[in-house]
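Coordinate analysis (summary)
Spelled out from the first residue to the last, the chains are:
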Amino acid sequence: MLLLSCRHFGKIFIVSPGKTNIHSPPNFKLMASTSSSTTVMASSSSSDKACSYDVFLSFRGEDTRNSFTDHLYHKLVQAGISTFRDDEEINRGEELKPEIEKAIKASRSSIVVLSNNYATSTWCLDELVLILQQRRECGHIVVPVFYHVKPTNVRNHKQKFAIKVKTASRWTDHNVNMWKMALTQVADLTGLELTGPETSFLKEIVDIIYTKLDRRDVHLPLNITGMTTRYKEIISWLDEYNLEILAIYGMGGSGKTTLAKYIYDSNHKTFEYVSFVEDIGSRCKGPHDLLKLQEQLLKDILGGKKRKIPSVSRGTCMIEEALQTKRSLIVLDDIVDHKQLVALLGTGKINAQSKIIITTREKNTDTWFDYSYWRCQKYEMRLLNDDESQELLSRHAFGSKIPMAGFEELVLEAVQYCEGNPLALEVLGSSLFKNNTISHWRSQLNLLEKDIDSRLHGVLVRSYMSLPYNSEKELFLHIACFFIGKDMEYVVKILEPDYSATSGIKTLIDRCLLSVSPNKKLMMHRLLQDMGKNIVRQESIKSPAKRSRVWLSIDTYKILSKGKGSKTVEGLALDMQVLLEENIAAFKAWELKTDSLRNMDRLKLLQLNFVQLNGSYENISEDLRWLCWLGFHLRTIPSDLYMGNMVAIDMSYSNLQVFEPPMVVLQSLQILNLKDSHNLFEIRNIFKMPRLETLILWNCYKLHIVCKTIEGLGSLATLNMTGCKNLFNMLGASTSGGVVTKQPTFYFPLSLHRLFLKDCNLECTDSFSSSFKIQPYLQYLNLGNNLFESIPCYNHLRVLDLSFCSRLKCLVCLPRTLAELYIYYCVLLERITFESHRFTLQEFGYEGCNSLYEIEGFIKLVLIANLNENDLGHMKWLREYKNHQVCLVGEDELTLGRSSQIQMLFEFGMMSTSLPDIKDPNITPTYISESNSLSFDVPSCPINKTLKGINVTFKYAVSGDDWVWFCKVSTSNGVVDMMYNPKVFGKPESGKVCIWLSYWPIGNVLHMGDTVSVSIIVMSGLEVHECGVSLVYCDHETLENNLGWAEIVGVDLTEFELSTGAYYLCRRDFFSLMEVGRLTPDWFRILVGDTIDYTEVRGWRKTGRPKQVTDPSFTELKAIRCIMDGPELVSLLCNIATLYLLLTQIR
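A brief structural summary. (Residues numbered from 1 in each chain as written. Predicted model: local features only at pLDDT ≥ 70, side-chain atom pairs only at ≥ 80, totals over all residues. Heavy atoms only, no water.)

This next bit is on the overall build of the protein chain. Of regular secondary structure, the protein chain possesses 35 helices and 53 strands. When each of the 1147 residues of the protein chain is scored for burial, the buried share is 55%. Of the roughly 49600 Å² of accessible surface on the protein chain, 50% is carried by carbon and sulfur atoms. (Helix = DSSP H or I, 4+ residues; strand = E, 2+ residues; numbered from the N terminus. Buried < 20%, exposed > 50% of the residue type's maximum accessible area, 1.4 Å probe, protein only. Areas by Shrake-Rupley, 256 points an atom, 1.4 Å probe, with all protein chains shown as cover.)

Further remarks concern helix H3 (residues 68–78). Of the residues making up H3, those classed as buried are Phe68, Thr69, Leu72, Tyr73 and Leu76. One side of H3 carries all its buried residues, which in axial view fall inside an arc of 130 degrees. The first or second residue beyond H3 is Gly80, which carries a positive phi of 85 degrees. (Arc of directions from axis to C-beta.)

Time to look at the nonpolar core. If you look at the biggest cluster of nonpolar residues, it comprises 153 residues, and the most contacted ones within it are Met721, Ile823, Ile832 and Tyr1064. Ignoring anything within four residues of it in the chain, the contact list for Ile832 reads Leu811, Leu814, Leu821, Ile823, Phe844, Leu852, Glu854, Ile855 and Glu856. (Core = buried A, V, L, I, M, F, W, Y, C linked by side-chain atoms within 4.5 Å. Contact = heavy atoms within 4.5 Å.)

With that settled, consider the sheet that holds strand E40 (residues 859–863). Here 10 strands make up an open sheet; going across it, the order is E35-E37-E39-E40-E42-E43-E50-E46-E52-E44 and the pairing mixed. In the strand order of this sheet, the two ends are held by strand E35 (810–814) and strand E44 (927–929), each with one partner. The pairing of strand E43 (residues 910–916) with strand E50 (residues 994–1000) spans 6 bridges and is antiparallel. Directly across from Met911, in E50, lies its bridge partner Tyr999. (Pairing = 2+ DSSP bridges.)

What follows deals with the side chain of Asn981. Mapped onto the secondary structure, Asn981 falls in the loop between strand E48 (977–980) and strand E49 (984–987). For Asn981, a relative accessible area of 0% gives the class buried. A distance of 2.6 Å separates the side chain of Asn981 from the backbone oxygen of Trp965, its partner in a polar contact. Those residues within four positions of Asn981 in sequence are excluded, and the remaining contacts are Glu907, Trp965, Phe966, Leu1065, Cys1066, Arg1068 and Phe1070. (Polar contact = N/O pair within 3.5 Å; in protein donor to acceptor, adjacent residues only side chain to side chain.)

Moving on, we come to the packing of aromatic side chains. Enumeration over the complete set of coordinates arrives at 42 aromatic pairs. When the ring of Phe844 is compared with that of Tyr846, the centres are 4.5 Å apart and the planes differ by 25 degrees; the resulting orientation is stacked. For Phe844, a relative accessible area of 7% translates into the label buried. By relative accessible area, Tyr846 is classed as buried at 1%. Here the aromatic rings of Tyr1064 and Phe1084 are separated by 5.9 Å at their centres, their planes lie at 75 degrees, and the arrangement is edge-to-face. Pair noted here: Tyr1064 is in strand E53 (residues 1063–1065) and Phe1084 is in helix H32 (residues 1083–1088), with a separation of 20 residues, a long-range link. The pair formed by Tyr1064 and Phe1084 is uniform in burial state, with each residue classed as buried. An aromatic cluster is defined as three or more aromatic residues linked by ring pairs; in this entry it consists of Phe908, Phe954, Tyr956, Trp963, Trp965, Tyr980, Phe985, Trp996, Trp1000 and Phe1056. One cation-aromatic arrangement involves Lys675 over Trp698; the distance from NZ or CZ to the ring centre is 4.7 Å. (Phe/Tyr/Trp six-rings, centres within 6.5 Å; stacked < 30°, edge-to-face > 60°. Lys NZ or Arg CZ within 6 Å of the ring centre and 35° of its normal.)

Let's shift gears to the sheet that holds strand E14 (residues 376–380). Strand order in this open sheet of 5 strands is E11-E12-E13-E10-E14, and the pairing throughout is parallel. Both outer strands of the open sheet, strand E11 (273–277) and E14, are each paired with one neighbouring strand and no more. Taking each pair of neighbouring strands and ignoring which way they run, the sheet shows an average axis angle of 15 degrees. Across the sheet, helix H13 (residues 289–301) lies against E11 and strand E12 (328–335), angled at about 160 degrees from E11, the strand it touches most. (Axes fitted to C-alpha atoms, helices over the stretch in contact; angles between N-to-C directions.)

Now for the pairing of strand E13 (residues 355–360). Within E13, 6 of the 6 residues are buried, which leaves the element mostly enclosed by the surrounding structure. Neither face of E13 is exposed, since Lys355, Ile357 and Thr359 on one face and Ile356, Ile358 and Thr360 on the opposite face are all buried. Note: strand E10 (residues 245–249) against E13, 5 bridges, orientation parallel. By the bridge assignment, Leu246 is partnered in E13 with Ile357. One ladder, built from 5 bridges, connects E12 with E13; its direction is parallel. Along E13, the bridge assignment pairs Leu329 with Lys355. Following the backbone out of E12, through helix H15 (residues 338–345) and into the adjacent parallel E13, one traces a crossover that is right-handed. (Right-handed = clockwise from strand over helix to strand, strands pointing away.)

On to the pattern of salt bridges, then. Close approach of charged atoms allows side chains of opposite charge to pair. Taken as a whole, this structure holds 36 salt bridges when the rule is applied. For Arg60, the salt bridge is made with Glu62, and the minimal N-O distance between the two is 3.4 Å. A relative accessible area of 9% means that Arg60 is categorised as buried. For Glu62, a relative accessible area of 52% corresponds to the exposed category. In this structure, Arg684 engages Glu660 in a salt bridge whose closest nitrogen and oxygen atoms are separated by 3.8 Å. One end of the pair, Arg684, is in the loop between strand E26 (682–683) and strand E27 (694–696); the other, Glu660, is in the loop between strand E24 (658–659) and strand E25 (671–673), with 24 residues separating them in the sequence. Each member of the salt-bridge network shares a partner with another, and the members are Asp279, Asp334 and Arg462. (Salt bridge = Lys/Arg side-chain N within 4 Å of Asp/Glu carboxyl O.)

Another aspect to go through is the side chain of Arg1067. Following the sequence through the fold, Arg1067 ends up in the loop between E53 and helix H31 (1071–1075). Taking relative accessible area as the criterion, Arg1067 reaches 11% and is therefore assigned buried. Excluding its chain neighbours within four sequence positions, the residues that come into contact with Arg1067 are Gly857, Phe858, Ile859, Glu891, Glu907, Phe908, Lys983, Phe1056 and Lys1102.

Turn by turn, an α-helix covers 3.6 residues, leaving residues three or four places apart pointing in a common direction. With 13 residues, H13 ought to run about 18 Å at 1.5 Å a step, and its terminal C-alpha atoms sit 19 Å apart, in line with that. Among all positions in H13, only Asp289, Leu290, Leu291, Leu293, Gln294, Leu297, Leu298, Asp300 and Ile301 are buried. Count one or two residues on from H13 and you reach Gly303, which has phi positive near 75 degrees. (Expected span 1.5 Å × (residues − 1).)

Spelled out as structure tokens, the structure:
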């Protein structure tokens, strides 16, 4: 509100209100929540609640009361601006001072009319000080008006503004300095100077103040849920200097605009100029629409001054100029393409203190901000979790944070349908609000299976309609109806010929219409699927046969059973198991005829699960690209089935006995999947599929014969023969004349990139080795659950899986190209070495390898009983305790199922072991402390002795299940600064203690007089009783002869070096404990101090600091297990591993 007042006498006592944190959202009431989310109720800020006026106007009564100020007052009132004027609002006889002070604080803004005699009044000057203080602390808007005075005179205290100390009580040195500062500050603000007719000048003032008051308000819906947590995730952006732009992207209805409004409303008072340009996508329809948006934006960032813009290009230049100097907060909502952004911001430099938020449905916006002056942070709009979704739905449906009693299950169903989309939850909740009966809810939820709310459809369909090509729209509809959850590469191969799927899928991902899971599956939000299906449904509401795609099994069954197929159908899906699960006895799979497909000339995609079609196949569409017929009922492929244009054939679970292509050549076929065809005996004439890239024969355990022409398939990249035990036991056979005869082993084609031979009972025989020949392109090899004791070396491999090879004893000279190795439950495996003699694996799974004692370049964990004196060096006395037992803990993959006899760990060039609380002079330290730390000065060496290193020991007890500790050693000469967490260590029995003994071979860098500091830093689970250090010497002549494996100092630790120069020698992941609240976030600070943050070591692997993966094949191969096996099989393998461990323990 605007406040006018006149000052003639008296003084104002100024009280400073509390300082406001600019990042705390002032315009929202935070409601406590039963979930992890916070519900925000839109309301006015605390300062706005107390506002009785729009603006406060400060002026000198004798100069302007009955002239300029009076005219301004009436103009403001006419404009609908609530205006205070002292002679009208303050009742005569009341004390003036508290009323004026209260009025200033109860106003949203002030107009300061600086006239000739303004500075001669202490009343006006005190008033000005309070106004400026309100501006600093409460976002109070101030507009100075220079009425027949020059701003420079006000700023520099000249003429009537040259105030000085006087003998009068108010003109003290302190007050004069304070008033001068206030005059300078108000003169530096953007204001208005009277230069022409007063009538136009008054209109300009009213326009500006109207804009400044109105521009800062944005409407927020009442029941906002989850915005606080998302706001906190990006709050740091507001403090980043030279990071001007925040791009919030996500699907329609995900809350992008609401979050932008939330940020805007929480921070607009800290910016001099703000602008919120809403709904740009739908407002930019005609050629002049951008011009109107430019005018709005320019007016906002110029403080309400309206400028006429002759053209869009000129408007861009004008905005660029303004953005360079104005500290602004700008929101550009719903940017559809790059051209809109350039038109509204230009490409020039932006004030480093400005902040610009854009919302968009485009994910790939990197090129939008590819200008030297721009820096952008991207934020993907995170959908609501289940708790937040339930709360938001309940607020709209029941008016409370929790569901009404009896509706809990129905609310859960509704939440699952919406999948965290706030708009969907709001629309659905509001539609159910007026009729909260269980029958109504059930009816509405059933309706969702068949249709989508028009309000939701209208929002979501905009992304679909914005797709630039019809082929991309068709691609979206095909994926929505048939390919959700399918492997992306698989879908690309099928749809590429007709829809340019490679580029099309990228466009859909960029428009937030599609996503790809970590294991490369195509994913789409449920609402987007329903939107796509609704588009298809509108093609013919009452007759599915006339639509382009039919995905519901009930609709397809009716079409096929009644023979009502039409030329419009391009995709068809029928799953008889789905219909049978619905207990509809009328559905009979054997009654369907192939004649039903006769009229479907445009059919490209056919998915039939456990369907029997009887009759001739000659009339099935020749345009068919994808034939997915799970449970195919015939024993051979029909000779009249045209396969010439098929790209992918999936006949998993089929009844086939022989697979032979019915045509001369299948030029288009790239994928053939015969998984779990348990009766399949032979594959013939495979040369007829020259472009075949993927062949899956998984669990075809009766397969005996594969045509030897397979070795000539030059495009075959993926071959899965998992479980084909008879194929390799027979080594080839022939059924000519009904007689089974031996024939030469077939060779694998040289084109293979990925080969699966799991569960094939393979042994490393000469015939097996020769069947591989040289595989120059092979990168992924799965030989799991076979009978090898060792395997030949295969060059070029990136991924090797040997899990459950129970006879495997050693892996020698693994190739330097290997990035992933999986050896789960290879129970006899003892040793692994590498061609490079370095451990460089990026992924390594070795749980259940109870006999494994050495992984070259990684660790060596050996029973003391199996080490000779040369291995133990100066610790050879430990052999006396070889039969003592200590339970090992730390790395479960190493410790579970392992012997409890005392073992030595060799790691990072050091050696360590854990002992019971023995009394032996060899373990008694030279320097000892009853605390967890000590320091000492290195003495001079004894005659004829050389310092090799130090032994560090400490006694400890344990508590709880999480043990996080480090041994830290540093020297005053700065050469040694190491913190070490061993891979495994001993766990004492309850009420007892253990001794950890370690050897650090650092003697060559220690010199007499150096101070060595040793500390045991415990974050969780250990109680240190004492620690100690001994110096380790050896004779000059025996130094070289007695060096053991772990006593070689030259271990390369550069990958474990922190930015401070210290070495973080740890291969355990403590972040998993921190993320579940079992370890405090300050654990790393306890270890290294405040110099660096724990995020520096987040993501470190077993090899230390993660390396940049430059080979694109690595990221593709990482997901191979899930792509080929499916996530459910990976989960099954984990369960099998657990079961195996339990059975081992029982035995």
